[in-house]
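# Structure at a glance
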Amino acid sequence: MKYYILYNGGKIYYSDAGEGEPVILVHGYLETSEIWSGFGKKLAAKYRVISIDLPGHGLSKVYDENHTMEFMAGAVRGLLDSLNIRKTFLIGHSMGGYVVLAFLELFPELLKGYCLFHSHPFADSPETFEKREKDIKIIRSGKKYLIIPANIPTMFATGNYNKFREAIQRSKDIASTIRDECLIAVLNGMLNRPSRQSVMEKGKVPCLWILGKNDCYISWEAVPKRVNLPGNAKVVLLENSGHMGFVEEEDLSVKIVEDFIAQIN
């Protein structure tokens, strides 16, 4: 069941399941809160799990041509305020990790800890910046259908294509529901975002950083070496995952998150 809050003159939708300590799930690019369904259901056996549809995604309002990471972090803050949640654990997948890091910079007092799931704290590389601009042009030309098959399969490890054929199709179906204006807004937000490496390195709250050994977007070997991780950060490598570890290694991912939350409590 979906609920909504009022935020900046529009509605932000979310799901809410389970009881206990709140955990907020923040989806990535080409995703909605539906992407978390299996992982979130299992996590809800121990926690109150809230999955947000970021502005423009699902039924949530598209606000502008540029949904900055700070603006979307503000929507997460608005959700916490509406639900009277004083402190939470945030999990962000890919773009959702950028939103979580913006939240960390703006509202660290509201976090017990956070998890970057196949994400990183850096600004876009020139190559990624160029690709996002190209994608914006494709979407503006009315050819969003070209973006989805080019992006979704590569989010899974090559060796998992057959095993997760249904999950890949489901991800494509979810992506196809996202409005063109929303995709343009978040692409603009991502390509204009600053590095938050220093925010991460300050270690104001505990961090769990989950990477995939077969992730074609984020190098598990090179990327962590660029960050001077604080003592309260933990890096975990999923051996059999690409960019979708919470699907490709669902049970293990749930256990990793549960163990980390128990550790910081």
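We now turn to the structure provided with this report.

### What about empty space enclosed by the protein?
Tallying each qualifying case throughout the model produces one cavity of 30 Å³ or more. Here the largest cavity is characterised by a volume of approximately 40 Å³. Taken together, Tyr98, Leu101, His120, Pro121, Phe122, Arg193, Pro194 and Arg196 form the lining of the largest cavity. Broken down by class, the residue content of the lining of the largest cavity amounts to five nonpolar, one polar and two charged.

### A few points about the nonpolar core
Counting 91 residues, the largest nonpolar core has Tyr29, Phe39, Leu43, Ile91 and Tyr114 as its most contacted members. The greatest single-element share of this core, amounting to eight residues, is contributed by helix α3 (residues 95-106). When neighbours within four sequence positions are excluded, phenylalanine 39 is seen to be in contact with Leu25, Ile91, Phe117, Phe246, Glu250, Ser253, Val254 and Val257.

### Details of unusual backbone geometry
If you check the backbone angles, asparagine 8 has positive phi at about 50° while not being a glycine. Turning to its location among the elements, asparagine 8 is positioned in the loop between β1 (2-7) and β2 (10-17). According to the relative accessible area criterion, asparagine 8 is exposed, its value standing at 53%. The residue serine 94 is not glycine, and still its phi comes out positive at about 55°. One can find serine 94 in the loop between β5 (88-93) and α3. For serine 94, a relative accessible area of 16% puts it in the buried group.

What counts, and where the lines are drawn
Residues numbered from 1 in each chain as written. Predicted model: local features only at pLDDT ≥ 70, side-chain atom pairs only at ≥ 80, totals over all residues. Heavy atoms only, no water. 1 Å grid on protein atoms, 1.4 Å probe; cavity = no way out; pocket = protein on both sides within 12 Å on 5 of 7 lines; lining within 4 Å. Points joined across faces, edges and corners; volume = space filled by probe spheres on them. Nonpolar A, V, L, I, M, F, W, Y, C, P; charged D, E, K, R; others polar. Core = buried A, V, L, I, M, F, W, Y, C linked by side-chain atoms within 4.5 Å. Buried < 20%, exposed > 50% of the residue type's maximum accessible area, 1.4 Å probe, protein only. Helix = DSSP H or I, 4+ residues; strand = E, 2+ residues; numbered from the N terminus. Contact = heavy atoms within 4.5 Å.

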